[in-house]
Amino acid sequence: MELGPILSTLRRHKIPALLLILEIALTCAIVCNAVFLISQRLERNKMVSGVAEHELVQLQVANIGKPANAKARAQEDLALLRQVPGVTAAALVNQVPFTNSSSNTSIKLDPTQKLPTLNATMYMGESLIGTYGARLVAGRDFNADEYMDFDAMRSDPDLQNKVGSVIITQAMAERLWPGESALGKNIYLGETSVRVIGVMQALIRPSLFMGDDAAQWTMVFPLRMSTASASRYVLRTAPEQRDRVLEGAAKVLRKADPHRIILKKETLDDIRSDFFRNDRAMAGILVGVIVALLAVTALGIVGLASFWVAQRRRTIGVRRALGATRRNILNYFQTENFLLATIGIALGMVLAYGINLFLMLHYELPRLPAVYFPVGAIVLWLIGQAAVLGPALRAAAVPPVVATRSV
Amino acid sequence: MFGYYLDLALRSLRRNKALTALMVVAIALGIGASMTTLTVLHVLSGDPLPDKSGKLFYPQLDPQDMDGYKPQDDPPAQVSWIDGMALLHAKRARYQALMTGGAVPIQPAQSSIDPFFEDARYTSADFFPMFEVPFLYGQGWNAADDEAGARVAVLTRELNDKLFGGKDSTGQTLRMDDVAFRIVGVLDAWRPTPHFYDLNTGSYSSDEGVFVPLTTATDLKFARNGSTDCWGKGSGDNMKIATCTWLQFWVQLDTPADAAAYSEFLLNYSREQKTLGRFQRPANVRLPDLMGWLDYNKVVPSDVHLQAWLAFGFLLVCLVNTVGLMLAKFLRRSGELGVRRALGASRRSLFAQLLVEAGAVGLVGGIGGLLLALLGLWLVRRQPSDYAALAHLDLPMLLATFVSAVVASLLAGLLPAWRACLIPPALQLKSN
């Protein structure tokens with residue numbers, strides 16, 4: 001196909017051509033970034049928790065008044081919960097993944113260090129790792145005799161120094177001692193030192209307030225909770241038994257002590273889905289915007305191309321009379337659209353990059369991966385060709401005899 | 001003339017139904033999307049207390065030790081018990097209130113309602129006059145109740161409806177966490193947006209159902225909600241001596257001079273505490289006003305900003321599209337316009353006629369945009385975020401929808417109308 005005649009025609013219709021180019025460029029730039037944002041949200045949605053998600057349920061309880069012998073109450077509750085049919089493990093814990101409420105502290109590698117190395121979250125509760133199903137990749141879980149009572153430790157600062165061991169995640173270990181084994185090394189919480197005795201593959205923080213990069217900076221301490229210091233019972237069971245276990249457990253807890261309120265009973269799957277619902281909603285909005293944008297652009301191309309064809313009916317007729325085939329006419333409009341789309345896409349890429357820079361600056365987004373550029377180009381080329389097809393076919397249908405009529 | 005132009009415009013719009021419909025749809029989509037996101041942004045970044053937000057201030061000071069000290073750091077976002085109480089008792093402002101969020105188990109007297117947990121605010125007496133909280137029955141408590149740790153409570157209208165069927169409950173007893181409280185007041189409907197006085201418990205969360213004196217709540221060790229930031233020895237059982245910041249402190253300062261004096265007072269207080277050895281860092285105080293505090297905390301979610309940008313981009317594409325379509329439409333009528341020119345119409349009147357046509361498209365697009373914005377806001381309200389329920393169109397936004405639709409379409413019409421007017425009359429007649 002000769003580009004010469006197309007270019008010279010376009011030169012005489014600068015404004016409509018420029019508008020079409022501009023529209024395609026803007027659409028290309030916005031769509032590339034919107035698709036990227038969607039992929040970011042969906043990626044976040046898939047964040048690894050490190051726990052046996054489909055097997056866990058949580059019951060959060062609240063006492064009315066001050067609990068008497070909270071320590072005995074907790075042990076009794078746990079013993080009763082373990083007897084609920086279907087329950088394979090139970091723990092009373094201070095925090096649960098994806099619940100947004102967390103307890104965190106700063107970590108140093110050396111007590112004289114001025115600024116902390118990082119901020120990590122603290123999980124506590126007897127047999128927490130086993131119940132959660134977190135996987136150890138090095139070292140060992142806590143021995144039964146390593147556990148201390150959290151309540152006693154809280155009221156007696158001297159006891160804090162006796163909590164000698166901690167289990168941390170691989171991500172945290174790698175951050176603290178890149179390329180080295182963490183086992184046997186010490187970290188400092190204020191002045192207190194604890195020794196790393198185990199490394200977990202993963203265990204996500206309950207709240208991502210520190211940003212997604214810090215999601216796995218997690219520690220587990222050998223501390224036994226009471227109903228005065230913790231309110232969340234975590235039970236492990238087979239996925240299909242979760243609802244039954246929740247009902248059974250709630251009944252047991254209510255019966256053991258009617259003077260309390262069961263605030264929540266939910267599966268970890270539901271908790272997780274809740275945690276990421278804003279991300280999913282945003283992804284949904286973005287999909288809507290992309291569809292609407294592409295539709296508006298396509299309709300715009302149809303409208304302009306129709307106008308163009310109507311304006312050039314006579315020229316088309318002359319060309320047909322001079323021997324141009326229907327296919328020649330069709331190709332003419334297709335090539336013209338391809339040419340305009342290409343210029344628009346090229347401009348759009350530059351614009352997309354600019355928008356991405358803006359988003360990186362203001363919304364802490366990563367750089368747009370290069371793969372979005374060719375994909376965006378192909379999509380817009382296809383849409384352009386699809387949109388121009390109707391008007392182009394109408395142009396091709398113009399009979400040669402039009403050349404002899406005045407319009 | 002306007003009537004005539006309008007008549008011409010409507011005729012012309014009817015002639016090219018598909019093209020007209022495309023333009024209207026493009027403008028409606030663009031306006032609908034941008035008005036939806038702008039309304040959300042408008043609601044979320046609004047002033048919770050327009051009458052007096054300029055007089056409310058949030059004092060900040062830095063009581064931490066030298067661990068991790070960086071000179072450029074901002075002071076903590078909350079105050080410790082010792083400093084909060086000292087500032088409260090200093091009474092250097094017109095009003096001052098020290099507070100935190102919490103949750104209490106409520107044990108209704110009627111056996112028909114199970115005990116339940118209710119979000120609560122533990123605060124000092126000035127909270128009510130300072131924030132101009134409206135009362136349905138009774139009133140707040142006073143400073144003497146604060147000092148005595150009195151067991152008094154104020155309920156919101158919703159909680160009063162739930163517990164007492166909306167009747168005046170002042171003087172009645174309410175059991176919370178096994179303790180009897182005397183109800184002294186019931187609030188009328190009140191929901192400041194954003195939830196400015198405590199951003200830790202959610203910037204747009206629905207409000208607490210019950211208010212009790214801070215002293216009473218701490219004495220009874222009621223459960224707290226919110227964030228606690230500790231240093232040094234940190235927290236223990238007794239939050240009154242803990243080296244932690246966990247309370248919000250607000251003051252009302254009526255004039256700029258008062259605010260300056262209060263700043264000076266904070267600075268002196270910090271220096272004094274440093275001499276006493278309690279504070280270790282160089283005095284670092286701030287006194288943002290209400291809107292400044294919201295701004296500093298970036299309460300409007302970044303997703304909402306992002307959506308607004310996105311909608312504007314979309315509107316831009318729709319407008320470029322409309323410019324193209326209008327150009328097509330106007331140029332197609334060169335014949336008709338040439339005749340009008342030849343009959344003596346000036347370029348100016350041609351231009352006016354075409355702009356009226358563009359404006360008409362914009363008006364219809366505006367109506368479509370309004371419907372789409374209403375639909376969009378309905379969709380936003382169905383979203384899971386805590387601000388969702390607040391997304392409603394108000395009168396200024398309604399007007400803005402129409403004005404922006406008409407302005408946008410007039411802007412889009414400028415270039416095509418100008419192009420169309422350039423056609424020389426004689427040439428058009430000849431070519432026909």
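Just above sits the structure.
Residues numbered from 1 in each chain as written. Chains lettered and ligands numbered in written order. Predicted model: local features only at pLDDT ≥ 70, side-chain atom pairs only at ≥ 80, totals over all residues. Heavy atoms only, no water.

**Quick notes on the overall build of chain B**
Phase 1 of the analysis: Across its full length, chain B holds 14 helices and 12 strands.
Phase 2 of the analysis: For a compact globule of 432 residues, the expected C-alpha radius of gyration is about 22 Å, and chain B comes in at 31 Å, more than 25% above that figure.
Phase 3 of the analysis: Along the three orthogonal principal directions, the C-alpha set of chain B runs to about 95 × 60 × 35 Å.
Phase 4 of the analysis: Each of the 432 residues in chain B was classed as buried or not, and the buried ones make up 55%.
Phase 5 of the analysis: Across chain B, the fraction of contacts at a sequence separation of at least 24, relative to all contacts at a separation of at least 6, is 75%. (Helix = DSSP H or I, 4+ residues; strand = E, 2+ residues; numbered from the N terminus. Rg over C-alpha atoms; globule rule 2.2 N^0.38 Å. Buried < 20%, exposed > 50% of the residue type's maximum accessible area, 1.4 Å probe, protein only. Contact = heavy atoms within 4.5 Å.)

**Here's the deal with the nonpolar core**
Residues and elements named next belong to chain A.
Phase 1 of the analysis: Residues Phe 333 and Ile 345 are the most contacted members of the largest nonpolar core, which totals 99 residues.
Phase 2 of the analysis: Top element by residues in this core is helix α2 (residues 14-45). It accounts for 16 residues.
Phase 3 of the analysis: Dropping the residues within four chain positions of it, Ile 345 is found in contact with Ile 24, Cys 28, Ala 377, Leu 380 and Trp 381.
Phase 4 of the analysis: Membership of the second largest hydrophobic core comes to 46 residues, among which are Val 166, Ile 168, Met 172 and Leu 176. (Core = buried A, V, L, I, M, F, W, Y, C linked by side-chain atoms within 4.5 Å.)

**Quick word on the interface of chain B and chain A**
Phase 1 of the analysis: The interface is formed by 44 residues belonging to chain B together with 44 residues belonging to chain A.
Phase 2 of the analysis: Taking both sides of the interface into account, the surface hidden between chain B and chain A amounts to around 3,700 Å²; carbon and sulfur atoms contribute 73%.
Phase 3 of the analysis: Contact with chain A buries surface across chain B, with B:Leu306, B:Leu310 and B:Val317 losing the most and accounting together for 16% of the total.
Phase 4 of the analysis: Where chain B packs against chain A, one counts one salt bridge.
Phase 5 of the analysis: The salt bridge partner of B:Asp303 is A:Arg41, with a shortest N-O separation of 2.6 Å.
Phase 6 of the analysis: Here chain B and chain A share four residue pairs in polar contact (both at pLDDT 80 or more) between them.
Phase 7 of the analysis: Listed by contribution, the elements that provide at least two residues to the side of chain B that touches chain A are α2 (17-44), β2 (95-107), β3 (116-123), α10 (302-332) and α13 (395-421) of chain B.
Phase 8 of the analysis: Ranked by the residues each element gives to the side of chain B that touches chain A, the list is headed by α10(B), at 21 residues. (Buried area = accessible area lost by both parts, 1.4 Å probe. Salt bridge = Lys/Arg side-chain N within 4 Å of Asp/Glu carboxyl O. Polar contact = N/O pair within 3.5 Å; in protein donor to acceptor, adjacent residues only side chain to side chain.)

**Observations regarding the state of the cysteines**
All names here are of chain B.
Phase 1 of the analysis: Applying the stated criterion across every chain yields a total of one disulfide over all chains.
Phase 2 of the analysis: Covalently, Cys 230 is tied to Cys 244 through a disulfide, its sulfur atoms 2.0 Å apart. Here the S-S torsion is close to 100°, and the disulfide linking Cys 230 with Cys 244 is therefore right-handed. Here the residue Cys 230 occupies a position in strand β10 (residues 229-230), and Cys 244 occupies one in strand β11 (residues 244-245), the gap between them amounting to 14 residues. (Disulfide = S-S within 2.5 Å.)

**A closer look at the packing of helix α3 (residues 81-90) of chain B against helix α8 (residues 256-275) of chain B**
All names here are of chain B.
Phase 1 of the analysis: Two elements in contact, α3 and α8, have axes whose closest approach is 12 Å; the angle formed by their N-to-C orientations is 135°. Between α3 and α8, the angle is such that the two are oblique. For the crossing formed where α3 meets α8, the hand is right-handed. In contact with Ile 82, Asp 83, Ala 86, Leu 87 and Ala 90 of α3, α8 contributes Tyr 262, Phe 265, Leu 266 and Tyr 269.
Phase 2 of the analysis: Of the residues contributing to the contact of α3 with α8, the split by class is eight nonpolar, no polar and one charged. (Axes fitted to C-alpha atoms, helices over the stretch in contact; angles between N-to-C directions. Parallel < 35°, antiparallel > 145°, perpendicular 65-115°, else oblique. Left-handed = near helix turned anticlockwise from the far one by under 90°. Nonpolar A, V, L, I, M, F, W, Y, C, P; charged D, E, K, R; others polar.)

**Concerning the pairing of strand β2 (residues 89-93) of chain A**
Residues and elements named next belong to chain A.
Phase 1 of the analysis: Along β2, five of the five residues are buried, which leaves the element largely enclosed by surrounding structure.
Phase 2 of the analysis: Here β2 shows a buried face lined by Ala 89, Ala 91 and Val 93 and a second buried face lined by Ala 90 and Leu 92.
Phase 3 of the analysis: Sheet topology places β2 next to strand β12 (residues 232-236); five bridges connect them, and they run antiparallel. The residue of β12 that forms the bridge with Ala 89 is Arg 236. (Pairing = 2+ DSSP bridges.)

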